[in-house]
Amino acid sequence: MKFTTLAALVGLGLATLAPAHAADITGAGATFPFPVYSKWAEAYRKDSGMGLNYQSIGSGGGIKQIQAKTVDFGATDAPLKGPALEKDGLVQFPTVMGGVVTVVNIAGIEPGKLKLTGELIAEIYAGRIAKWSDPKIAKLNEGLKLPEANITPVYRSDASGTTNIFTTYLSQASEAWKKEFGAATTVSWPVGQGGKGNEGVTATVKQVPNAIGYVESAYAKQNKLSHTLIQNKAGKFPQPDDKAFQAAAASADWKSAPGFGISLTDQAGDGAWPITAATFILVHKDPADPAKAADVLKFFDWAYKNGDKLATDLDYVPLPDAVVGQIHDAWKEIKGKDGKPVFNM
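Positions within a chain are numbered from 1, following the residues in the order the chain's sequence is written. Whole-chain, interface and lining totals are the exception, using all residues; otherwise, since this is a predicted model, local features are given only for residues with pLDDT of at least 70 and side-chain atom pairs are given and counted only at 80 or more. Side-chain measures here rest on the full set of heavy atoms in the structure, leaving out hydrogens and waters.

K.L.:
In this structure, what is going on with the side chain of N141? I would like to understand it.
P.N.:
Where helices and strands are cited, they refer to DSSP runs of H or I of at least four residues and of E of at least two residues respectively, numbered from the N terminus. Residue position: N141 is located in the loop between α6 (135–140) and β6 (152–156). Exposure remark for N141: the relative accessible area of 4% places this residue in the buried category. Setting aside its immediate chain neighbours within four residues, N141 contacts K113, L114, K115 and L146. Buried means the residue's accessible area, taken with a 1.4 Å probe over protein chains only, is under 20% of the maximum for its type, while exposed means over 50%, and partly exposed covers the values in between. Residue contacts are defined here by distance: any two heavy atoms, one from each residue, within 4.5 Å place the two residues in contact.

K.L.:
Would you mind showing me how to read the pattern of salt bridges here?
P.N.:
Opposite charge on two side chains permits pairing when their charged atoms draw close. Put simply, a salt bridge is a Lys or Arg side-chain nitrogen that is within 4 Å of an Asp or Glu carboxyl oxygen. One pass over the full model with this rule turns up 12 salt bridges. Note that K39 and E42 form a salt bridge whose closest N and O atoms lie 4.0 Å from each other. Of this pair, K39 and E42 both sit in helix α2 (residues 34–48), three residues apart, which is roughly one turn of the helix. For R128, the salt bridge goes to E180, with nearest N and O atoms at 2.4 Å. Here the residue R128 occupies a position in the loop between α5 (118–125) and α6, and E180 occupies one in helix α8 (residues 175–180), the gap between them amounting to 52 residues. Overlapping salt bridges, with partners in common, bring together E86, K285 and E333 in one network.

K.L.:
Explain helix α14 (residues 321–330) to me, please; I cannot follow it from the model alone.
P.N.:
An α-helical turn contains 3.6 residues, so any two residues separated by three or four positions project in the same direction. Listed as buried for α14 are V323, V324, I327, H328 and A330. For α14, the angular spread of the buried residues around the axis is 155 degrees, confining them to a single face. More than 90 degrees from the buried face of α14, the exposed residues found are D321 and A322. The arc under discussion is defined with respect to the helix axis, by the directions toward the C-beta atoms.

K.L.:
Would you mind showing me how to read unusual backbone geometry here?
P.N.:
The bulk of non-glycine residues show a negative phi, and the bulk of peptide bonds are trans. With a phi angle near 70 degrees, N210 is a residue other than glycine that sits in the positive phi range. Among the structural elements, N210 can be located in the loop between α9 (197–207) and β8 (211–216). In this model, D266 sits at a positive phi of 55 degrees, which is unusual for a non-glycine residue. Tracing the sequence through the fold places D266 in the loop between α11 (242–249) and β11 (276–284). A relative accessible area of 19% means that D266 is categorised as buried.

K.L.:
Any chance you could explain the nonpolar core here in plain terms?
P.N.:
Note that soluble globular proteins tend to have their nonpolar side chains buried in a common cluster. Core analysis: the biggest nonpolar cluster contains 95 residues, and W40, F93, Y125 and F300 have the highest contact counts within it. The residues touching F300, leaving out its near neighbours within four places in the chain, are Y37, W40, F73, F93, T95, I281 and W331. Residues enter a nonpolar core if they are buried and are Ala, Val, Leu, Ile, Met, Phe, Trp, Tyr or Cys, with the set joined through side-chain atoms within 4.5 Å.

K.L.:
How should empty space enclosed by the protein be read in this particular structure?
P.N.:
A pocket here means an open set of points on a 1 Å grid, computed over the protein atoms alone, that has protein on both sides within 12 Å along at least five of seven lines. A cavity is instead a set of points where a 1.4 Å probe fits but cannot get out; residues with an atom within 4 Å of a point line either one. Grid points are joined across faces, edges and corners, and a volume is the space filled by probe spheres set on the points. Enumeration according to the criterion identifies one cavity of 30 Å³ or more in this entry. By volume, the largest cavity is sized at about 40 Å³. Along the walls of the largest cavity sit W40, T95, V96, A303, Y304, G307, D308, P318 and L319, which together make up its complete lining. When contributions to the lining of the largest cavity are tallied by element, the ones reaching two or more residues are β4 (90–104) and α12 (290–306).

K.L.:
I'm lost on the packing of α2 against α12 in this one. Help?
P.N.:
Between two packed helices, what matters for the description is the angle formed by their axes and the separation of those axes. Only the stretch in contact is used when a helix axis is fitted, and all axes are lines through C-alpha atoms; the angle between N-to-C directions ranges over 0 to 180 degrees. Look at α2 against α12: their axes get within 10 Å of each other, and the N-to-C directions meet at 105 degrees. As the angle between them shows, α2 and α12 are arranged roughly perpendicular. Across the interface between the two elements, Y37, W40, A41, A43, Y44 and D47 from α2 touch K298, F299, F300, W302 and A303 from α12. Grouping the constituent residues of the contact of α2 with α12 by class yields nine nonpolar, no polar and two charged. Each angle receives one of four descriptions, namely roughly parallel if under 35 degrees, roughly antiparallel if over 145, roughly perpendicular if within 65 to 115, and oblique otherwise. Gly is put with the polar residues, along with every residue not named as nonpolar or charged; the nonpolar set is Ala, Val, Leu, Ile, Met, Phe, Trp, Tyr, Cys and Pro, and the charged set is Asp, Glu, Lys and Arg.

K.L.:
Can you help me understand the packing of α5 against helix α7 (residues 161–173) in this one?
P.N.:
One can describe the packing of α5 onto α7 by two numbers: an axis separation of 8 Å at closest approach and a directional angle of 115 degrees. The pairing of α5 with α7 is recorded here as roughly perpendicular in orientation. For the element pair α5 and α7, the recorded crossing hand is left-handed. Where α5 approaches α7, its residues G118, E119, I121, A122 and Y125 are matched on the opposing element by F166, Y169, L170 and A173. When the residues that make up the contact of α5 with α7 are grouped by side-chain class, the tally is seven nonpolar, one polar and one charged. Crossing handedness: left-handed means the near helix sits turned counterclockwise from the far one by under a right angle, and right-handed means the same turn made clockwise.

K.L.:
What exactly am I supposed to notice about the environment of L146 here?
P.N.:
Following the sequence through the fold, L146 ends up in the loop between α6 and β6. According to the relative accessible area criterion, L146 is buried, its value standing at 16%. Separated by 120 residues in the primary sequence, L146 and T26 have C-alpha atoms spaced 46 Å apart. What L146 contacts, discounting residues up to four positions off in sequence, is I109, L114, W132, I137, A138 and N141.

As structure tokens, this is what we get:
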């Protein structure tokens, strides 16, 4: 079953907020991976009898909940740096990769027809380009009929890893954006309107004529939103699909940052999607409930072994086998009260 409407997504989100069975794993955080975690959870329950109670509340909320030890794992698209991981005694690892896309609601504009650059997107979100008929946009899209209409930028109103990915890219594409707004899970948006979660941005773009928003690619696909093309570092305009996300991650050095916290935005390569990212899980090195921590790792181990097809069906990119091996090594840091790793391969 594929989720093709926002109602289906939100409905499932409400289901995950229902009281958990005593044996269920609890997690909270990023909305970016919510569709794939939901599909994995559905399949895993059939295989193991254990469920996943996951709250899609945004990366900021996920980090706060794992710090407070109110969930078994936190989820974030904005990876924590080494000092933050050490301070809270956390282990961080990626699960899948995906892409952030810009989506528009412009009458007559089909998916993949409108071309934008990072600089243009930065100017739109900074309020410096206010109409779709702006000469800078028109020049890049000769032959495309664009309306003399005001642009409504839509952004995340919550602390968001997706925002961190998006603004990291804008900071790479635009020196002006970097100086004025920078990259973070929340920024001081000068124009537009907010929506909570990828779900909220999706809904707002669908409802507001001439809007532009940024969402994880699965949300755009499932909700039949009109994505734009974005010029990459090589000057090309690839389609945002698994091949383009894989191309962005092709030369990634996952060991170069603590907790695998690398950036995949604005990578070289003709086929690379410029706003590609991984999403991450946070668990405690010394969990209060070692058995439950082991259950979390069993779930993600199952996902690495059995979840690739479910992920690719939603346009996520599974991690390379070599990276999964490195993650299994990192899991040895998560230990029980006897000092032994809670998860054994």
